[in-house]
Structures are given as structure tokens and as C-alpha cells.
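# Structural overview
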Amino acid sequence: MADVVLLFGRLLFLALLYLFLFAAVRTGIGLVTTGRARTTPGGLALAVVQGPREIRGVRVPLDGPVLIGRSPDADLVIADEFVSAIHARVTPDSDGVVVEDLGSTNGTLLDGQPVTRPLRGSVGSRIVLGRNEIEVVRS
């Protein structure tokens, strides 16, 4: 009788182990990316044109609102003393982007105009944060 209980316990343990491994692999496959750049329905991205050399040329797809700042919590982190912790937000819109300054110390410019309220931009628009320049591009 004890042998039957041990055998049943081992089979149950193996079944649970395989179930766990199957769930882990299935979840892991969903996390793996293909290595291609993600594109948005509008196909817009932010490209760092001028700034620290570590991020110059970086493109961030506009899949949703993008926070720009010095904080590690920002989507686009710029290590520059003229950039606030959470400096600005760029949100994709049906025909371009909306740029908002989030109370930064040094301000934000969109195409040379100070951002004192949410402003609309389009492909080719330049966002300036301190000594850094970001362009809205097609991805």
C-alpha cells in the first residue's frame, strides 16, 4: 500500500513539475522580442539629435506617452543637469504629437516656442530640453 501511495505521489509531482515548466516556457516565449524595431500605427518615434553622446541617435517609438527626464523612471533618460527629473511628456496624437512641460526648471521648447501649455507638433518638430534636442520622426 505504501508503494502505491509513493508511486502516486511521484506521478503527481512530475505532472505538477511539467505543468509549471510548460507555463514558464509559455510565458517566457511571450517576453522574447524579435529584434526588430517596434512601430506604432502612426509610425512616429523620438530621435535624439543633440545631447550626451551615450544617447545621441537613440530612437524611442511613440507607442504611448513618453516621459523625458533625468530620473530612471523616465522613458527617455537624459543625464544632463539642465534637464529636470521628469521634464516633459510627449504623447502621440492622431496627426502628430502633443508636447507638455511637466513643471521643469529650465523649460521646454517646441520648434523654438516655449511650452507653457500642451502644444501640438508633427514630423520634423524639434523639442529642446536644456542643451538637448529631440526630433519627431517617422519610425
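Residues numbered from 1 in each chain as written. Predicted model: local features only at pLDDT ≥ 70, side-chain atom pairs only at ≥ 80, totals over all residues. Heavy atoms only, no water.

### Details of the environment of Asp111
As for its placement among the helices and strands, Asp111 is situated in the loop between strand 7 (108–110) and strand 8 (113–114). The exposure class of Asp111 is partly exposed, given its relative accessible area of 48%. Once the C-alpha coordinates of Asp111 and Gly121 are considered, the two residues, ten residues apart in sequence, prove to be 8.2 Å apart. Residues in contact with Asp111, not counting those within four places in the same chain, are Gly124, Ser125 and Arg126. (Helix = DSSP H or I, 4+ residues; strand = E, 2+ residues; numbered from the N terminus. Buried < 20%, exposed > 50% of the residue type's maximum accessible area, 1.4 Å probe, protein only. Contact = heavy atoms within 4.5 Å.)

### Some remarks on the nonpolar core
Leu46, Ile68, Val90, Ile127 and Ile134 are the most contacted members of the largest nonpolar core, which has 22 residues in total. Only strand 1 (44–50), strand 3 (66–69), strand 5 (88–93), strand 6 (96–101), strand 10 (126–129) and strand 11 (132–138) provide two or more residues apiece to this core. Here the element with the most residues in this core is strand 1; it accounts for three residues. Excluding its chain neighbours within four sequence positions, the residues that come into contact with Leu46 are Val58, Arg59, Val60, Leu62, Val66, Ile68, Val90, Ile127, Ile134, Glu135 and Val136. (Core = buried A, V, L, I, M, F, W, Y, C linked by side-chain atoms within 4.5 Å.)

### A few points about the sheet that holds strand 4 (residues 76–77)
Pairing is mixed in the open sheet, where five strands are placed in the order 4-3-5-6-9. A strand with exactly one partner marks an edge of an open sheet, and here the two such strands are strand 4 and strand 9 (119–121). As judged from the three bridges shared by strand 3 and strand 5, these two strands associate in the antiparallel manner. Bridge pairing links Val66 to Val90 in strand 5. (Pairing = 2+ DSSP bridges.)

### Quick look at the pairing of strand 5
Bridge count between strand 5 and strand 6: six bridges; the pairing is antiparallel. If you follow Val90 over to strand 6, its bridge partner there is Val99. Here strand 5 folds back onto strand 6, and the loop between the two strands holds two residues.

### Concerning the pattern of salt bridges
Using the criterion set out here, one finds seven salt bridges in the structure. Between Arg131 and Asp80 there is a salt bridge, and its shortest N-O distance comes to 2.9 Å. Taken as a pair, Arg131 in the loop between strand 10 and strand 11 and Asp80 in the loop between strand 4 and strand 5 lie far apart in primary sequence, 51 residues in all. For Arg131, the salt bridge goes to Glu81, with nearest N and O atoms at 3.0 Å. On the criterion of sequence distance, the pair formed by Arg131 in the loop between strand 10 and strand 11 and Glu81 in the loop between strand 4 and strand 5 is long-range, its members being 50 residues apart. Several salt bridges converge on common partners, so that one network encompasses Asp80, Glu81 and Arg131. (Salt bridge = Lys/Arg side-chain N within 4 Å of Asp/Glu carboxyl O.)

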